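# Fold and geometry: a report
Listed here are the chains, written in short residue letters.
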Amino acid sequence: MADLKKLGIWQPLHNLLLSSNTSDSLKMQTLWVIGTALQNNPAAQLAYLDLDPLPTLLKSLSPSFNSAETRSRALYALSGLLKLNAAAVQQMGVVGGWSALRMCLEDSEIRVRRKATFLLNTLLIATSPSSSQVNLQPNMSLPTSETAPPQIHANSHASMLSDPSSVSTSALTLAAIQEEGEEEGSLSLLGALISTLIEPVPFGVDGEMEKDDEFQENVVRILYTFATSCNGAFSAAQKRSLVGFLGGITTTQGEEHVNFGLTSEEWEELSGAVRS
(Lines give C-alpha, C1' and ligand atoms only; values in the text may rest on other atoms or scores of the structure.)
Protein backbone atom coordinates (compact mmCIF):
# COMPACT_ATOMS: atom_id res chain seq x y z
CA MET A 1 0.00 0.00 0.00
CA ALA A 2 1.14 3.58 -0.69
CA ASP A 3 2.81 5.59 2.10
CA LEU A 4 -0.20 7.38 3.62
CA LYS A 5 2.05 9.70 5.65
CA LYS A 6 3.77 11.04 2.54
CA LEU A 7 0.39 11.44 0.86
CA GLY A 8 -0.93 13.32 3.91
CA ILE A 9 -3.89 10.97 4.25
CA TRP A 10 -3.60 9.75 7.86
CA GLN A 11 -5.16 12.87 9.40
CA PRO A 12 -8.12 13.07 6.98
CA LEU A 13 -8.82 9.37 7.55
CA HIS A 14 -8.71 9.80 11.31
CA ASN A 15 -10.89 12.91 11.07
CA LEU A 16 -13.61 10.76 9.51
CA LEU A 17 -13.61 8.62 12.65
CA LEU A 18 -13.69 11.71 14.86
CA SER A 19 -16.56 13.41 13.05
CA SER A 20 -20.07 12.95 14.41
CA ASN A 21 -21.35 13.41 10.85
CA THR A 22 -19.64 10.28 9.55
CA SER A 23 -22.18 7.56 8.80
CA ASP A 24 -21.73 4.09 10.23
CA SER A 25 -21.11 2.74 6.72
CA LEU A 26 -18.37 5.28 5.98
CA LYS A 27 -16.80 4.69 9.39
CA MET A 28 -16.73 0.96 8.69
CA GLN A 29 -14.96 1.50 5.36
CA THR A 30 -12.53 3.97 6.92
CA LEU A 31 -11.59 1.47 9.61
CA TRP A 32 -10.96 -1.14 6.92
CA VAL A 33 -8.60 1.21 5.04
CA ILE A 34 -6.75 2.10 8.27
CA GLY A 35 -6.45 -1.53 9.34
CA THR A 36 -5.17 -2.61 5.93
CA ALA A 37 -2.58 0.18 5.85
CA LEU A 38 -1.32 -0.78 9.32
CA GLN A 39 -0.90 -4.51 8.70
CA ASN A 40 2.76 -5.55 8.95
CA ASN A 41 3.90 -1.93 8.55
CA PRO A 42 5.75 -0.46 11.57
CA ALA A 43 6.29 2.86 9.78
CA ALA A 44 2.53 3.22 9.28
CA GLN A 45 1.91 2.15 12.89
CA LEU A 46 4.18 4.91 14.21
CA ALA A 47 2.70 7.52 11.86
CA TYR A 48 -0.85 6.70 12.93
CA LEU A 49 0.08 6.42 16.61
CA ASP A 50 1.21 10.06 16.48
CA LEU A 51 -2.46 11.00 16.08
CA ASP A 52 -3.38 9.39 19.43
CA PRO A 53 -5.91 7.09 17.74
CA LEU A 54 -6.51 4.54 20.52
CA PRO A 55 -9.40 6.37 22.28
CA THR A 56 -11.20 6.74 18.95
CA LEU A 57 -10.64 3.12 17.90
CA LEU A 58 -11.80 1.89 21.31
CA LYS A 59 -14.93 4.05 21.13
CA SER A 60 -15.67 2.34 17.81
CA LEU A 61 -15.95 -0.96 19.71
CA SER A 62 -19.00 0.24 21.65
CA PRO A 63 -22.22 -1.53 20.62
CA SER A 64 -24.16 1.54 21.75
CA PHE A 65 -22.95 3.63 18.81
CA ASN A 66 -21.62 1.21 16.20
CA SER A 67 -23.00 -1.63 14.10
CA ALA A 68 -21.66 -5.16 14.44
CA GLU A 69 -19.74 -4.79 11.17
CA THR A 70 -18.16 -1.53 12.29
CA ARG A 71 -17.13 -3.05 15.63
CA SER A 72 -15.54 -5.94 13.77
CA ARG A 73 -13.64 -3.54 11.50
CA ALA A 74 -12.57 -1.50 14.53
CA LEU A 75 -10.92 -4.60 15.95
CA TYR A 76 -9.23 -5.16 12.60
CA ALA A 77 -7.76 -1.64 12.76
CA LEU A 78 -6.86 -2.00 16.45
CA SER A 79 -5.13 -5.28 15.70
CA GLY A 80 -3.11 -3.67 12.92
CA LEU A 81 -1.98 -0.93 15.30
CA LEU A 82 -1.07 -3.19 18.25
CA LYS A 83 0.61 -6.23 16.69
CA LEU A 84 4.39 -6.14 17.18
CA ASN A 85 4.04 -2.57 18.48
CA ALA A 86 5.09 -2.24 22.11
CA ALA A 87 4.63 1.55 22.08
CA ALA A 88 0.94 1.21 21.22
CA VAL A 89 0.37 -1.66 23.66
CA GLN A 90 1.99 0.43 26.40
CA GLN A 91 -0.76 3.02 25.92
CA MET A 92 -3.59 0.49 26.25
CA GLY A 93 -3.63 0.65 30.04
CA VAL A 94 -3.74 4.45 30.04
CA VAL A 95 -6.79 4.73 27.78
CA GLY A 96 -8.81 1.80 29.14
CA GLY A 97 -7.96 -0.46 26.22
CA TRP A 98 -7.83 -3.70 28.20
CA SER A 99 -11.25 -3.00 29.71
CA ALA A 100 -12.59 -2.42 26.19
CA LEU A 101 -11.22 -5.76 25.02
CA ARG A 102 -12.75 -7.40 28.06
CA MET A 103 -16.15 -6.00 27.06
CA CYS A 104 -15.63 -7.50 23.60
CA LEU A 105 -15.71 -10.95 25.21
CA GLU A 106 -19.45 -10.45 25.75
CA ASP A 107 -20.27 -8.71 22.46
CA SER A 108 -23.46 -9.92 20.78
CA GLU A 109 -21.50 -10.26 17.52
CA ILE A 110 -19.44 -13.45 17.70
CA ARG A 111 -16.92 -12.15 15.14
CA VAL A 112 -15.96 -9.42 17.60
CA ARG A 113 -15.36 -12.02 20.32
CA ARG A 114 -13.27 -14.16 17.98
CA LYS A 115 -11.11 -11.26 16.81
CA ALA A 116 -10.60 -9.94 20.34
CA THR A 117 -9.36 -13.28 21.63
CA PHE A 118 -7.21 -13.91 18.55
CA LEU A 119 -5.62 -10.49 19.10
CA LEU A 120 -4.99 -11.13 22.80
CA ASN A 121 -3.16 -14.36 22.07
CA THR A 122 -1.09 -12.69 19.35
CA LEU A 123 -0.04 -9.95 21.77
CA LEU A 124 0.76 -12.51 24.47
CA ILE A 125 3.10 -14.61 22.31
CA ALA A 126 6.72 -13.80 23.09
CA THR A 127 8.81 -12.33 20.27
CA SER A 128 12.53 -11.70 20.04
CA PRO A 129 15.14 -11.29 17.32
CA SER A 130 15.63 -15.06 17.38
CA SER A 131 11.92 -15.86 17.52
CA SER A 132 10.27 -17.67 14.65
CA GLN A 133 7.39 -15.21 14.92
CA VAL A 134 9.40 -12.32 13.49
CA ASN A 135 12.43 -12.35 11.25
CA LEU A 136 14.46 -9.15 11.39
CA GLN A 137 16.49 -9.73 8.25
CA PRO A 138 15.59 -6.97 5.77
CA ASN A 139 14.00 -7.82 2.43
CA MET A 140 13.41 -11.45 3.41
CA SER A 141 10.37 -12.91 1.62
CA LEU A 142 8.21 -14.87 4.03
CA PRO A 143 4.64 -16.19 4.07
CA THR A 144 2.08 -13.49 4.89
CA SER A 145 -0.94 -15.35 6.29
CA GLU A 146 -2.37 -14.33 9.67
CA THR A 147 -0.38 -16.99 11.51
CA ALA A 148 2.83 -16.86 9.48
CA PRO A 149 5.88 -14.69 10.29
CA PRO A 150 5.51 -11.23 8.74
CA GLN A 151 7.41 -10.05 5.71
CA ILE A 152 10.23 -7.65 6.60
CA HIS A 153 11.25 -4.67 4.43
CA ALA A 154 14.06 -2.29 5.40
CA ASN A 155 12.13 0.85 4.40
CA SER A 156 8.85 0.27 6.27
CA HIS A 157 10.47 -1.73 9.10
CA ALA A 158 13.29 0.66 10.00
CA SER A 159 12.11 1.05 13.61
CA MET A 160 11.87 -2.72 14.04
CA LEU A 161 15.35 -3.24 12.61
CA SER A 162 16.95 -0.50 14.73
CA ASP A 163 15.16 -1.49 17.96
CA PRO A 164 14.08 -5.16 18.03
CA SER A 165 12.57 -4.68 21.52
CA SER A 166 9.94 -2.41 19.94
CA VAL A 167 8.08 -5.52 18.73
CA SER A 168 7.87 -7.17 22.15
CA THR A 169 4.30 -7.04 23.48
CA SER A 170 4.24 -10.21 25.58
CA ALA A 171 5.34 -8.85 28.97
CA LEU A 172 2.98 -5.86 28.72
CA THR A 173 0.05 -8.08 27.79
CA LEU A 174 0.88 -10.64 30.47
CA ALA A 175 0.83 -7.96 33.16
CA ALA A 176 -2.41 -6.49 31.82
CA ILE A 177 -4.41 -9.72 31.71
CA GLN A 178 -3.44 -10.56 35.30
CA GLU A 179 -4.26 -7.14 36.73
CA GLU A 180 -7.40 -7.08 38.84
CA GLY A 181 -10.31 -4.94 37.65
CA GLU A 182 -10.69 -1.45 39.06
CA GLU A 183 -14.12 -2.13 40.53
CA GLU A 184 -14.17 -4.08 43.77
CA GLY A 185 -14.69 -7.77 43.16
CA SER A 186 -14.31 -7.51 39.38
CA LEU A 187 -12.33 -10.16 37.58
CA SER A 188 -8.99 -9.70 35.90
CA LEU A 189 -8.98 -10.05 32.12
CA LEU A 190 -7.58 -13.56 32.60
CA GLY A 191 -10.42 -14.33 34.99
CA ALA A 192 -12.94 -12.95 32.51
CA LEU A 193 -11.51 -15.18 29.78
CA ILE A 194 -11.87 -18.24 31.99
CA SER A 195 -15.39 -17.23 32.96
CA THR A 196 -16.51 -16.72 29.37
CA LEU A 197 -15.00 -20.07 28.40
CA ILE A 198 -16.87 -21.96 31.12
CA GLU A 199 -20.11 -19.95 31.04
CA PRO A 200 -20.20 -18.08 27.71
CA VAL A 201 -22.62 -15.20 27.40
CA PRO A 202 -25.25 -16.00 24.73
CA PHE A 203 -24.77 -14.17 21.44
CA GLY A 204 -26.75 -13.46 18.30
CA VAL A 205 -29.46 -10.90 17.59
CA ASP A 206 -31.76 -12.43 20.20
CA GLY A 207 -29.11 -14.17 22.28
CA GLU A 208 -30.15 -17.47 20.77
CA MET A 209 -26.63 -18.92 20.43
CA GLU A 210 -24.67 -20.21 23.41
CA LYS A 211 -21.33 -21.65 22.28
CA ASP A 212 -18.92 -21.04 19.42
CA ASP A 213 -16.12 -23.49 18.70
CA GLU A 214 -13.70 -20.93 17.25
CA PHE A 215 -14.14 -18.54 20.18
CA GLN A 216 -13.58 -21.33 22.71
CA GLU A 217 -10.51 -22.52 20.82
CA ASN A 218 -9.10 -18.98 20.89
CA VAL A 219 -9.62 -18.70 24.64
CA VAL A 220 -8.04 -22.09 25.31
CA ARG A 221 -5.09 -21.08 23.14
CA ILE A 222 -4.64 -17.94 25.25
CA LEU A 223 -4.65 -20.05 28.42
CA TYR A 224 -2.09 -22.38 26.88
CA THR A 225 0.16 -19.48 25.84
CA PHE A 226 -0.20 -17.93 29.31
CA ALA A 227 0.71 -21.14 31.14
CA THR A 228 3.49 -22.41 28.88
CA SER A 229 5.16 -19.68 26.80
CA CYS A 230 4.70 -17.02 29.50
CA ASN A 231 5.12 -19.31 32.54
CA GLY A 232 1.99 -17.77 34.02
CA ALA A 233 0.39 -19.24 37.14
CA PHE A 234 -3.34 -19.65 37.59
CA SER A 235 -4.82 -18.74 40.97
CA ALA A 236 -6.28 -21.47 43.15
CA ALA A 237 -9.81 -20.36 42.25
CA GLN A 238 -8.99 -20.31 38.53
CA LYS A 239 -7.50 -23.80 38.78
CA ARG A 240 -10.62 -25.14 40.47
CA SER A 241 -12.82 -23.70 37.73
CA LEU A 242 -10.61 -25.01 34.94
CA VAL A 243 -10.16 -28.46 36.47
CA GLY A 244 -13.91 -28.88 36.57
CA PHE A 245 -14.30 -27.62 33.02
CA LEU A 246 -11.43 -29.57 31.48
CA GLY A 247 -12.47 -32.69 33.35
CA GLY A 248 -15.92 -32.47 31.82
CA ILE A 249 -14.48 -32.11 28.33
CA THR A 250 -12.49 -35.34 28.30
CA THR A 251 -15.38 -37.25 26.79
CA THR A 252 -14.52 -38.86 23.47
CA GLN A 253 -15.94 -38.41 20.02
CA GLY A 254 -15.06 -41.69 18.37
CA GLU A 255 -11.29 -41.98 18.84
CA GLU A 256 -10.56 -38.26 19.29
CA HIS A 257 -10.58 -36.20 22.47
CA VAL A 258 -12.16 -32.76 22.46
CA ASN A 259 -9.12 -30.49 22.93
CA PHE A 260 -10.13 -27.12 21.44
CA GLY A 261 -7.55 -27.08 18.69
CA LEU A 262 -4.60 -28.05 20.88
CA THR A 263 -2.44 -31.02 20.03
CA SER A 264 -2.50 -33.92 22.49
CA GLU A 265 0.87 -32.76 23.80
CA GLU A 266 -0.34 -29.18 24.28
CA TRP A 267 -3.52 -30.40 25.95
CA GLU A 268 -1.46 -32.38 28.44
CA GLU A 269 0.75 -29.35 29.12
CA LEU A 270 -2.27 -27.13 29.81
CA SER A 271 -3.95 -29.79 31.94
CA GLY A 272 -0.73 -30.22 33.92
CA ALA A 273 -0.48 -26.47 34.55
CA VAL A 274 -4.08 -26.40 35.76
CA ARG A 275 -3.61 -29.39 38.09
CA SER A 276 -0.20 -28.41 39.47
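First things first, this report covers the structure right here in the doc. Computed from a prediction, not measured in an experiment: that's the story for all the values here.

Now for the overall build of the protein chain. Along the protein chain, the regular secondary structure elements total 14 helices and 2 strands. The 276 residues of the protein chain split such that 45% are buried. If you sum the accessible surface of the protein chain, you get close to 13,900 Å²; carbon and sulfur atoms cover 51% of it.

Turning our eyes to something else, we now look at the packing of helix 5 (residues 68-82) against helix 8 (residues 110-124). Packing of helix 5 against helix 8 leaves a shortest axis separation of 9 Å and a crossing angle of 10°. The angle between helix 5 and helix 8 places the two elements in the roughly parallel class. Here Ala 68, Glu 69, Arg 71, Ser 72, Leu 75, Leu 78, Ser 79 and Leu 82 of helix 5 lie close against helix 8, whose contacting residues are Arg 111, Val 112, Lys 115, Ala 116, Leu 119 and Leu 123.

Our focus in this paragraph is the nonpolar core. If you look at the biggest cluster of nonpolar residues, it comprises 65 residues, and the most contacted ones within it are Leu 78 and Phe 234. Considering every element that reaches this core, the biggest residue donor is helix 12 (residues 213-227), with 8 residues.

The residue Ala 100 is located in helix 7 (residues 97-104) in this model. Judged by relative accessible area, which is 17%, Ala 100 ranks as buried. Along the chain, Ala 100 and Leu 61 lie 39 residues apart, while their C-alpha atoms are 7.4 Å from each other.

A word on the environment of Val 220. The residue Val 220 is located in helix 12 in this model. Remark: the alpha-carbon pair of Val 220 and Ile 194, spanning 26 residues in sequence, is separated by 8.6 Å. Each residue touching Val 220, except ones within four places of it in the same chain, is listed here: Leu 197, Phe 260, Leu 262 and Leu 270.

Thresholds applied
Residues numbered from 1 in each chain as written. Predicted model: local features only at pLDDT ≥ 70, side-chain atom pairs only at ≥ 80, totals over all residues. Heavy atoms only, no water. Helix = DSSP H or I, 4+ residues; strand = E, 2+ residues; numbered from the N terminus. Buried < 20%, exposed > 50% of the residue type's maximum accessible area, 1.4 Å probe, protein only. Areas by Shrake-Rupley, 256 points an atom, 1.4 Å probe, with all protein chains shown as cover. Axes fitted to C-alpha atoms, helices over the stretch in contact; angles between N-to-C directions. Parallel < 35°, antiparallel > 145°, perpendicular 65-115°, else oblique. Contact = heavy atoms within 4.5 Å. Core = buried A, V, L, I, M, F, W, Y, C linked by side-chain atoms within 4.5 Å.

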